[in-house]
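Chain residues, written in single-letter form:
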Amino acid sequence: MTNIFQTPKNFPLTADALREVIKRFPTPFHIYDEKIIRENFRRLREAFSWAPDFREHFAVKATPNPYIVEVLARDGAGTDCSSIAELFISQAADVVGEKIMLTSNDTPAEEFRKALELGAIINLDDITHIAYLEQNARLPEIISFRYNPADIMNDGNDIIGRPAEAKYGLTREQIFAAYKICLDKGIKRFGLHTMIASNERKASTFIYTARIMFELAAKIKSELGIKFEFVNLGGGLGIPYRPDELPVDLKTIGDGVKELFHEILVPVGLGDVRLAMESGRAITGSAGWLVSTVLHKKNTYKQYVGLDSCMSDLMRPALYDAYHHITILGKEDEPCDEVYDVTGSLCENNDKFAIDRRLPHIDVGDIVIIHDTGAHGHAMGFNYNGKLRSAELLIRESGKIEMIRRAETLNDYFATLNFPNARLKLNH
Ligand SMILES: *Cc1c(COP(=O)(O)O)cnc(C)c1O
C-alpha cells in the first residue's frame with residue numbers, strides 16, 4: 001500500500017500569499033518564478049563552464065513570452081526559434097544576431113527572410129532547403145544542419161519518436177553532401193546541430209549524443225576541411241514530473257561531454273568549438289504552476305472534480321498521457337483518501353488533468369495547483385470549444401508579481417471572425 005500522504009512538491013508562495021494573488025488575478029492562471037528559472041539556467045551553465053563559450057539557446061516554444069526570454073537573456077542566454085512569431089518574440093526581448101538559432105522544419109520563406117533580417121544562425125532541416133533558401137531569400141554567412149542519426153540511438157523516446165521515424169534532420173549521407181554544396185557556394189562559417197531526446201533524464205543519452213556529434217564533426221572536418229564554429233546538442237533535458245523521480249544529473253552530463261570533447265575534438269584541432277544547447281523544459285518547466293479553482297464536483301460511476309481551467313491551458317496530460325503533480329491548497333498535510341478524475345470543461349473526454357488520482361477530500365471552491373507547467377503548458381493552448389487561454393503571471397525575484405500576459409477575452413476569440421460585431425452582441 002502506497003503512502004497515503006502525498007510527497008510534497010514545491011510551490012513558491014505561502015497559502016496566504018497565493019490567496020492574495022487570486023484576489024488580484026482571478027483563476028485560472030499560470031504563475032512562473034523568476035528565481036527558479038534563473039537557477040535552472042545557472043545549473044546548466046555551470047555543468048558546461050569548462051566549455052569554450054558555452055551557449056544556451058532557450059527554446060522559445062517552451063514558454064513563448066518575451067518577459068521570460070528577457071530574464072534569461074540578461075544572464076546570457078540566446079534563443080532557439082522555430083517560427084516567425086518566435087523570431088519576433090526574440091527580437092522583442094532584444095535577442096538578435098547569432099544569439100538566435102532558427103531551427104525550424106518545413107520552413108516557409110518569410111521565416112527564413114525574417115531570420116536573415118535579424119542575423120540569426122539558420123539551421124537547415126533538409127538538404128533541399130539550401131536551394132529553397134537561396135531562391136526565396138539568400139544564402140547566409142554562417143549555416144548549420146540538423147543531423148538525424150537514425151537508429152543509432154536504441155532508446156528513442158515516445159514524444160519525438162525514434163530518430164529514424166522522426167521527420168527532422170538530414171541523414172548521414174545527406175549531411176556530408178549538404179556541407180559540400182555550401183562550401184561550393186562560398187559559405188565559410190559552419191555549425192552542426194542535432195536534437196534527439198525529449199524529456200530525457202538519463203545522463204548517458206546526452207553523453208552518447210555528444211559522442212555521435214563530435215565524431216561526426218571530426219569526420220566532416222577530415223573529409224571536407226570544415227572547421228565548425230559550434231556543435232549544438234539540442235534540448236530534451238527532462239524534469240522529474242513525479243515527486244519520486246530524480247532530476248537530470250547535469251554535472252555527470254557536463255563531465256562526460258568534457259571527456260569526449262578532449263578525446264575526440266581537441267586532437268583534430270576542434271578544441272575551440274563552441275558548445276550549445278537549446279533547452280526549454282529544463283529551464284522553465286519546474287518554474288511554472290497552473291492555478292485553478294474547483295467549480296464542480298460530480299459523482300457518477302467515478303468521482304470527478306471540475307476546474308475552471310481545461311486542456312486549452314495545459315494539453316500535456318491529454319496529448320501525451322503526461323503526469324502533472326497536483327496539490328490542493330491548504331490540504332497539503334491531509335491524507336489522500338479519495339480518488340478523483342480532475343477534469344476541465346471541454347466536450348472531449350480526454351480533457352483531464354489527472355485520472356484516478358489519490359488526493360485529499362476536495363470541496364467546491366478549493367484552489368488546485370498543477371505543478372511543472374512552466375514549459376509546453378500555456379504555450380500549447382488552443383481555442384477548441386471557444387475556450388480562452390489563461391493569463392500568465394511572473395513572480396519577480398523582488399517578490400513583486402506581474403501579469404506578463406492577460407487572459408484571452410471573447411473579443412480576442414471573435415477578432416478573426418469576419419461577421420458583424422453587433423450581431424455577436426459582445427458587450428466588452
Ligand atoms: C522542442 C525543441 C527544443 C526544446 O526541447 P525541450 O524538451 O523543451 O528541451 C529544442 N530544440 C528543438 C529543435 C525543439 O523542437
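Residues numbered from 1 in each chain as written. Predicted model: local features only at pLDDT ≥ 70, side-chain atom pairs only at ≥ 80, totals over all residues. Heavy atoms only, no water.

Engineer: Lay out the state of the cysteines with the relevant residues and their values.
Structural biologist: By the definition in use, this model includes zero disulfides. We note that C310 lacks a disulfide partner, and the nearest cysteine sulfur, in C347, lies 10 Å from it. (Disulfide = S-S within 2.5 Å.)

Engineer: Lay out the sheet that holds strand 3 (residues 78-81) with the relevant residues and their values.
Structural biologist: Pairing is parallel in the closed barrel, where eight strands are placed in the order 2-3-4-5-6-7-8-9. With direction set aside, neighbouring strand axes in the sheet form an average angle of 25°. Pairing analysis gives two bridges linking strand 2 (residues 55-59) to strand 9 (residues 274-277), with the strands arranged parallel. Note that in strand 9 the partner of E56 across the bridge is M277. Taken strand by strand, helix 6 (residues 129-136) contacts strand 5 (121-124) and strand 6 (142-147), and its axis lies near 135° from that of strand 5. Helix-sheet contacts for helix 7 (residues 172-184) involve strand 6 and strand 7 (189-194), and the interaxial angle to strand 6 is about 170°. (Pairing = 2+ DSSP bridges. Helix = DSSP H or I, 4+ residues; strand = E, 2+ residues; numbered from the N terminus. Axes fitted to C-alpha atoms, helices over the stretch in contact; angles between N-to-C directions. Contact = heavy atoms within 4.5 Å.)

Engineer: Outline the environment of T79, supporting the account with residue identities and numerical values.
Structural biologist: Checked against the element boundaries, T79 lands in strand 3. Residue T79 is classed as buried on the basis of its relative accessible area of 0%. Linking T79 and E173, residues 94 residues apart in sequence, is a C-alpha distance of 29 Å. Leaving out residues up to four positions away in the same chain, T79 has contacts with H57, F58, V60, V69, S90, V95, K99, I100 and M101. Within the structure, T79 has its side chain in polar contact with the side chain of S90 (distance 2.8 Å). (Buried < 20%, exposed > 50% of the residue type's maximum accessible area, 1.4 Å probe, protein only. Polar contact = N/O pair within 3.5 Å; in protein donor to acceptor, adjacent residues only side chain to side chain.)

Engineer: Please set out empty space enclosed by the protein residue by residue, giving values where relevant.
Structural biologist: Using the criterion set out here, one finds two cavities of 30 Å³ or more in the structure. Around the largest cavity sit ten residues that line it, and N148, P163, A166, Y168 and M195 are the ones nearest its centre. Along the lines of polarity and charge, the residues of the lining of the largest cavity split into eight nonpolar, one polar and one charged. (1 Å grid on protein atoms, 1.4 Å probe; cavity = no way out; pocket = protein on both sides within 12 Å on 5 of 7 lines; lining within 4 Å. Points joined across faces, edges and corners; volume = space filled by probe spheres on them. Nonpolar A, V, L, I, M, F, W, Y, C, P; charged D, E, K, R; others polar.)

Engineer: Give a detailed account of the nonpolar core, specifying residues and quantitative values.
Structural biologist: Buried together is how nonpolar side chains tend to be arranged in soluble globular proteins. Core analysis: the biggest nonpolar cluster contains 98 residues, and L18, F29, I31, F145, I175 and F214 have the highest contact counts within it. At ten residues, helix 8 (residues 203-224) tops the list of elements feeding residues into this core. Mapped onto the domain boundaries, this core takes at least three residues apiece from domain 1 (15-29 + 285-409) and domain 2 (34-282). Setting aside its immediate chain neighbours within four residues, I175 contacts F145, R146, Y147, L170, L192, L216 and I220. In this structure, L307, I326, V342 and L359 belong to the second largest nonpolar core, which totals 15 residues. (Core = buried A, V, L, I, M, F, W, Y, C linked by side-chain atoms within 4.5 Å. Domains from an automatic or database assignment.)

Engineer: I'd love a proper account of the domain arrangement of the protein chain, names of residues and values included.
Structural biologist: It is common to report an interface's size as the accessible area lost on association of the parts. According to the domain assignment, the protein chain contains domain 1 (15-29 + 285-409) and domain 2 (34-282). For domain 1 and domain 2, the distance between their C-alpha centroids amounts to 32 Å. Each partner contributes to the interface: domain 1 provides 23 residues, whereas domain 2 provides 24 residues. Taken together, both faces of the contact between domain 1 and domain 2 bury some 2100 Å²; the carbon and sulfur share is 55%. Of all residues in domain 1, the largest losses of buried area upon contact with domain 2 belong to Y323, H376 and E397, amounting jointly to 28% of the total for that side. On inspection of domain 1 and its partner domain 2, the count reaches two salt bridges. R38 is the salt-bridge partner of E397, the closest N and O atoms lying 2.5 Å from each other. Viewed at the interface, domain 2 and domain 1 are joined by eleven residue pairs in polar contact (both at pLDDT 80 or more). Contributions of two or more residues to the side of domain 1 that touches domain 2 are made by helix 11 (316-320), strand 16 (391-395) and strand 17 (401-405). Looking at side-chain class alone, the side of domain 1 that touches domain 2 contains nine nonpolar, seven polar and seven charged residues. (Buried area = accessible area lost by both parts, 1.4 Å probe. Salt bridge = Lys/Arg side-chain N within 4 Å of Asp/Glu carboxyl O.)

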